[in-house]
Amino acid sequence: MRTTRRRITAAFIAFALCLSGIFGASALAPSQASAMDIVRCTGRPNSDDDKTTIMGATQSRITFEASVAKDEGVSELTLHIPDGTTFGTDDLQVTLLTGDDLMTRTEVAYDVAADGQDLAITFDEPIMQEGHLNVIVYDVFFPQAGGDMQVEATYKLASGAEETVEDIPAISVTGISATEALSQWLSEQSWVQAWNSNRFLRLFFDPTILVTSFPVVLNGFFMSIAVVAVAFPLAIPLGLALALMRLSKRAVIRGIATTYVNLVRGTPLFLQIYIAFFGLPLAGIDIPNFPLGVVVMCMNSGAYMCEIYRAGILSINKGQNEAARSLGMTRAQTMIYVILPQMFRIVIPNLTSEFIVLYKDTSLLAAVGVMELVMYARTIVASTGSITPYIVAAVFYLIITLPLSKVTRHLEERVRGGRKRKRAGSRSDDAAKEVAHA
Amino acid sequence: MLKTKKLVPVAGFATVALAAVLGLTACGGDTASTTEGSEPSGEATQTGMTMDEGKIVFATSPDYPPFENLEDGEYVGLDMDLGRAIAEELGLECEYTNIDFDGIVPAIVAGGQADAGLSGISITPEREDQVSFSDPYYVDNQAVAVQGDNTEITEDNATEALNSDAVTIAVQSGSTGEDFAGENFPNAEIVSFPNFTDAFAAVQAGKADAVCGNSAVVQQMLAGAYSDQQVVYTSATGEEYAIAISQDNPELLDAVNEAIATLQEDGTLDELIAKNMG
Amino acid sequence: MPNNVAASAAEEPIIRIVDLHKSFGETDVLKGISLDIKRGEVVVVLGPSGSGKSTMLRCLNRLEEPTAGQIIFEGEDITQPKTNINKVRERMGMVFQQFNLFPHLDALHNVMLAQQKVLGRSKDEAAKVARVQLERVGLGDRTDYFPGELSGGQQQRVAIARALAMDPHVMLFDEATSALDPELVRGVLDVMRELAQGGMTMVVVTHEMGFARDVADRVVFMEGGVVVEQGTPEQVFEHPKSERTRAFIGEVGGKE
């Protein structure tokens, strides 16, 4: 540990000067000399966005932990909380951790006095035991603008000496986001308070949570969209391959595809996700979360698409096949140039529905730690106790599913309403060459 | 199991809990005792209604041995035994309803699904903003476990090694372990699972490097299904487990506190702890 | 069974059907058909529904697999397993009762598709041929129409053009006008008539007695899976030998 120390007594200065010569070489010996050394000084993350960010103007807490040397008799600890940061003293928690593994907790009796930014803790009995002194300050609100928050600490020993805890790490605080600021402004508005005094409205439509959860849940929205945006296009050829296999003349190929489709369609997607996320790695196949999520969704959707395609292919008039074959086209050519183009037009409404299902089913990935829509909403619900983030998540689902449902209905009508297509306009040269027939 | 002792009653907790109960029941509207109805699905109904039918419903997330777990469909563990003991004290039938951990506090706030949350819930000031807590019945710490064959993260270097951007730590969504990991290992990637068992499974599957959560549970998991994992880091956070009760239901809070006091006095609580932590 | 036409032919027939049988499960639909079709000949097959005439036609390009018997097309027994039936079909155009145009392609591309994929013609060449054939069937001004935008008669003419574009050696017509409204039948028959006059070998299954009378070189009357009678239109219509033929012609208004 690299330390520089200021001492009041001349003796200490001399001692320090003497040591400064071998400053880098021997770091351990002098640090043992102080009665208290910092162990940690952290702020509790309080962002809904990610679990490690500490934001300004949002409730947090400071955990201060310092080692206490044996028999030094620390009698008073004063924490200087950075300017602009507010804190409470009611919930203050002061504990002495002792034992080899520091796992024995000893509550310490104390008096507390707050004077401006100074929080003075006077112990009923000076601490003689060796251990870690752990202080948790609750109800902490860091300044809105954020920045590096430097907590300072001084302590008194039984001898009367007053010393400083050195090298306390600063707590990095992020400035409050625009939506957080809006939320806080909202919470002060009387109409919001009136609104929230209604239990139902507060639980489901709390405006302050609405504005803060929106950008957070938006992250999950992008994740969900990303999953389907990759999985769905990949499922299209997979489903097609399966459908063609199921229509194959060869029993083995047909059997493989049929087994796959029945297995996937016959078991819950939820179970498939669990097997893929926890089972595959045990089998030595290690795929990162996102691609794995995509693969599972794709493989699941492929099975459903297979049946959509198969039904589509079977619904095409047998005469189409005969006409193509009678012209000398092979089975493959007939499939590629005649059957599939028609099939795709028929199945587009069903594929759209499948897309909607797939999009909604991304929510199941929440169970295995993929941070998608529901998972983001969940985190905020857990920290606020309001259902509002779920409502926000619902909105994010609906902005995709409602328009698509409408499109699906429209497409279904078109497919059902015959295959009439708008003409691209006749070419005049063709018309000019018209030959009259009797 | 680690021995913990409490010398001084946590004055702060008691004050705030009381203040919360007294202060917030006022805005909560109707008190529980006046409401009727039995549909659990009823929206935003008052809590406590099921007690009118002679039973108390606890919300629990049974993925947290030795506190709550499902064994052959039976709710077992310290919390579950405690819940039954409390119900007996209160002369009520005890019922459990399975809710994911991060949904319990919201469920108690919303009411209708359960009268109280009993699921190894640590008292935190943030949660106290939302619900009332009973007197604590157990004190626990945080622990971090990794696969036994992990040479990157060991007991000796855990503090630094865990706080690396190359490390993924699995936690339970909404748990104090989630907060603890985020606060003390800010450089690591924190992955939340609704179900705590899945966090361990993630480590076993190599999807995460470490799992962080309450010590007693980590120990229990490692003693059971995940014996190839080992604890590399512990911190005496001294979290107090308590029962979460709607702030609209001070009658139930008082009754539960009374029951806990009785169980503490007559030694039942110690017996249950010994039985489940043995 | 009279077979005088084949006997009088010096030339090798383009299609020789030998003792053709076809059954669907227990039902015997064709019970031994033998028939020779000469190059350039227009053969019209008549018969009540269920007589097996369509099945016979569909066996010629093996859209139906014969149960027994031989079909020798241009000297090759195409019922052999080693036969590349796709190669055979290139030379055998077929027109269906339900047209079976490809609904996702416009008229031009309906006619172009097989030319490109089967004959390997370039896009330009296929388009050129397609235009010529569509002109030929009187639809030069409908090249960019989709099947759904064309009348039944126009669709069937496109289907004929589609088959002709493959330069077939024989054309098979399977009740080509049966699905059409009466006023649209004529246009299709006119195209078929012109085709016959141009020397195309044609096997036509139809109910159009007038067409048979005017265009056919030979009329074949089938019933119950066998050829009951065949001969020139005059022989069959004016002097039917068989009682059944006479009854059939009387019923469907052979006098027209």
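Residues numbered from 1 in each chain as written. Chains lettered and ligands numbered in written order. Predicted model: local features only at pLDDT ≥ 70, side-chain atom pairs only at ≥ 80, totals over all residues. Heavy atoms only, no water.

Visitor: Honestly, the overall build of chain B in this entry has me stumped. Any pointers?
Guide: Counting its regular elements, chain B contains ten helices and 13 strands. Residues classed as buried in chain B amount to 61% of the 278 residues present. For chain B, the accessible surface area stands at approximately 10,400 Å², while carbon and sulfur atoms represent 47% of it. (Helix = DSSP H or I, 4+ residues; strand = E, 2+ residues; numbered from the N terminus. Buried < 20%, exposed > 50% of the residue type's maximum accessible area, 1.4 Å probe, protein only. Areas by Shrake-Rupley, 256 points an atom, 1.4 Å probe, with all protein chains shown as cover.)

Visitor: What is the right way to look at the interface of chain B and chain A in this model?
Guide: One frequent convention defines the size of an interface as the accessible area lost when the parts assemble. The partner chain A presents 48 residues to the 55 residues of chain B that form the contact. With both chains or domains summed, chain B and chain A bury close to 4,300 Å², and 54% of this area falls on carbon and sulfur atoms. Counting across the chain B and chain A interface gives seven salt bridges. In this structure, Asp100(B) and Arg378(A) form a salt bridge, with 2.8 Å as the shortest nitrogen-oxygen distance. Within the residue set of the side of chain B that touches chain A, elements represented by two or more residues are helix H1 (11-27), helix H3 (101-110), helix H4 (125-128), helix H6 (176-184), strand S10 (189-193), helix H7 (196-204) and strand S12 (229-241) of chain B. Its residues assigned to classes, the side of chain B that touches chain A comprises 23 nonpolar, 18 polar and 14 charged. (Contact = heavy atoms within 4.5 Å. Buried area = accessible area lost by both parts, 1.4 Å probe. Salt bridge = Lys/Arg side-chain N within 4 Å of Asp/Glu carboxyl O. Nonpolar A, V, L, I, M, F, W, Y, C, P; charged D, E, K, R; others polar.)

Visitor: Teacher, can you tell me more about the pairing of strand S6 (residues 92-95) of chain C here?
Guide: Every regular strand shows the same layout, with side chains that alternate between the two sheet faces. All names here are of chain C. Because side chains alternate across S6, one face comprises the buried residues Met92 and Met94, and the other comprises Gly93 and Val95, equally buried. With four bridges connecting them, S6 and strand S7 (residues 170-174) associate as parallel partners. Residue pairing for S7: glycine 93 is matched across the bridge by methionine 171. (Pairing = 2+ DSSP bridges.)

Visitor: What is the right way to look at the nonpolar core in this model?
Guide: Nonpolar side chains in soluble globular proteins generally cluster together in the buried interior. Counting residues in hydrophobic clusters, the biggest one holds 148 residues, and the most contacted among them are Phe277(A), Phe67(B), Tyr138(B), Ile243(B), Ile15(C) and Met56(C). Excluding anything up to four places from it in sequence, Met56(C) contacts Ile17(C), Leu20(C), Leu30(C), Ile33(C), Leu35(C), Val45(C) and Met222(C). (Core = buried A, V, L, I, M, F, W, Y, C linked by side-chain atoms within 4.5 Å.)

Visitor: Please clarify how the sheet that holds strand S11 (residues 162-165) of chain A should be interpreted in this entry.
Guide: Sheet strands line up and pair through hydrogen bonds in the backbone, either parallel or antiparallel. All names here are of chain A. Within the open sheet, the five strands sit side by side as S6-S7-S3-S10-S11. Their pairing is antiparallel. Edge positions in the sheet fall to strand S6 (110-115) and S11, since each has one partner strand and no second. Neighbour-to-neighbour, the strand axes of the sheet open up by a mean angle of 20°, direction not taken into account. Where strand S10 (residues 152-156) lies against S11, four bridges are found, and the strand directions are antiparallel. Following the sheet pairing, lysine 156 is matched in S11 by glutamate 162. (Axes fitted to C-alpha atoms, helices over the stretch in contact; angles between N-to-C directions.)

Visitor: Sorry if this is basic, but what is going on with a nonpolar patch on the surface here?
Guide: All names here are of chain A. Together, Trp191, Trp195, Phe200 and Phe205 give the surface a local cluster of nonpolar side chains, amounting to about 380 Å² of exposed area. Elements with a contribution of two residues or more to the nonpolar patch: helix H4 (190-197) and helix H5 (199-205). Looking at where phenylalanine 205 falls in the secondary structure, it is placed in helix H5. (Patch = residues over 30% accessible without salt bridge, like charges linked within 9 Å, V, L, I, M, F, W, Y side chains within 5 Å.)

Visitor: Honestly, helix H10 (residues 243-251) of chain C in this entry has me stumped. Any pointers?
Guide: Note that an α-helix has 3.6 residues per turn; residues three or four places apart therefore point the same way. Residues and elements named next belong to chain C. Every buried residue belonging to H10 is among Thr245, Phe248 and Ile249, and all of these are buried. What you see down the axis of H10 is that its buried residues fit within an arc of 95°, all on one side. More than 90 degrees from the buried face of H10, the exposed residues found are Glu243, Gly250 and Glu251. Buried residues belonging to H10 abut strand S3 (42-46), helix H8 (209-215), strand S9 (218-223), strand S10 (226-231) and helix H9 (233-238). (Arc of directions from axis to C-beta.)

Visitor: Quick question: what am I supposed to make of the sheet that holds strand S5 (residues 104-107) of chain A here?
Guide: Residue and element names in this part refer to chain A. Reading across the sheet, the five strands line up as S1-S2-S8-S4-S5 and stay open at both edges, with antiparallel pairing between neighbours. Because the sheet does not close on itself, it has two edges, and the strands there are strand S1 (36-43) and S5. Along the sheet, successive strands turn relative to each other by an average axial angle of 25°, direction set aside. Strand direction decides the pairing type here: strand S2 (residues 59-68) and strand S8 (residues 131-141), joined by nine bridges, are antiparallel. Within S8, the position partnered with serine 67 by the bridge is histidine 132.

Visitor: Would you mind going over the pairing of S1(A) with me for this structure?
Guide: Residue and element names in this part refer to chain A. Of all eight residues making up S1, seven are buried, and the element is well covered by its neighbours. Where S1 lies against S2, seven bridges are found, and the strand directions are antiparallel. Bridged to threonine 42 within S2 is threonine 63.

Visitor: Where do I start with the packing of helix H3 (residues 178-188) of chain A against H4(A) in this structure?
Guide: Helix packing geometry: the angle between the two helix axes and the distance between the axes. Residues and elements named next belong to chain A. Direction vectors running N to C along H3 and H4 enclose 80°, while the axes themselves pass 5 Å from each other. Here H3 is positioned roughly perpendicular relative to H4, judged by the angle of their axes. Taking contact as the criterion, the partners of Leu186, Ser187 and Glu188 in H3 are, on H4, Ser190, Trp191, Val192 and Gln193. (Parallel < 35°, antiparallel > 145°, perpendicular 65-115°, else oblique.)

Visitor: Would you explain the side chain of Thr55(C) in this entry?
Guide: All names here are of chain C. Here threonine 55 shows up in helix H2 (residues 53-60). Judged by relative accessible area, threonine 55 falls into the buried class, the value being 13%. When neighbours within four sequence positions are excluded, threonine 55 is seen to be in contact with Lys22, Phe24, Val29 and Leu30.

Visitor: Hey, could you run me through a negative patch on the surface in this one?
Guide: On the surface, a cluster of negative charge is made up of Glu88(B), Glu89(B), Glu265(B), Asp266(B), Asp270(B) and Glu271(B). Of the residues examined, Glu88(B) reaches a relative accessible area of 67% and is grouped as exposed. (Lys, Arg positive; Asp, Glu negative; His and termini not counted. Charge placed at Lys NZ, Arg CZ, Asp CG, Glu CD.)

Visitor: Any chance you could explain the state of the cysteines here in plain terms?
Guide: Joining two cysteines, a disulfide is a covalent bond between their sulfur atoms. Inspection of every chain in the model, using the stated rule, returns zero disulfides over all chains. For Cys306(A), which is in no disulfide, the shortest distance to another cysteine sulfur is to Cys298(A) and amounts to 13 Å. What makes Cys306(A) buried here is its relative accessible area of 0%. Unpaired in this structure, Cys212(B) has its nearest cysteine sulfur neighbour in Cys41(A), at a distance of 19 Å. Classification of Cys212(B) by relative accessible area gives buried; the value is 0%. (Disulfide = S-S within 2.5 Å.)

Visitor: Explanation requested: the pattern of salt bridges in the structure shown.
Guide: Where side chains of opposite charge bring their charged atoms close, a pairing between them can arise. In the structure shown here, the tally under the stated rule is 33 salt bridges over all chains. One salt bridge in this structure joins Glu307(A) and Arg310(A), with 3.4 Å as the shortest N-O distance. Highlighted residues: Glu307(A) and Arg310(A), both in helix H9 (residues 289-315), separated by three residues, approximately one helical turn. When its relative accessible area of 17% is taken as the criterion, Glu307(A) is described as buried. Across the salt bridge formed by Arg244(C) and Glu223(C), the nearest N and O atoms sit 3.9 Å from each other. Remark: Glu223(C) occurs in strand S9 and Arg244(C) occurs in helix H10; sequence separation between them is 21 residues. A relative accessible area of 45% places Arg244(C) in the partly exposed class. A relative accessible area of 23% places Glu223(C) in the partly exposed class.

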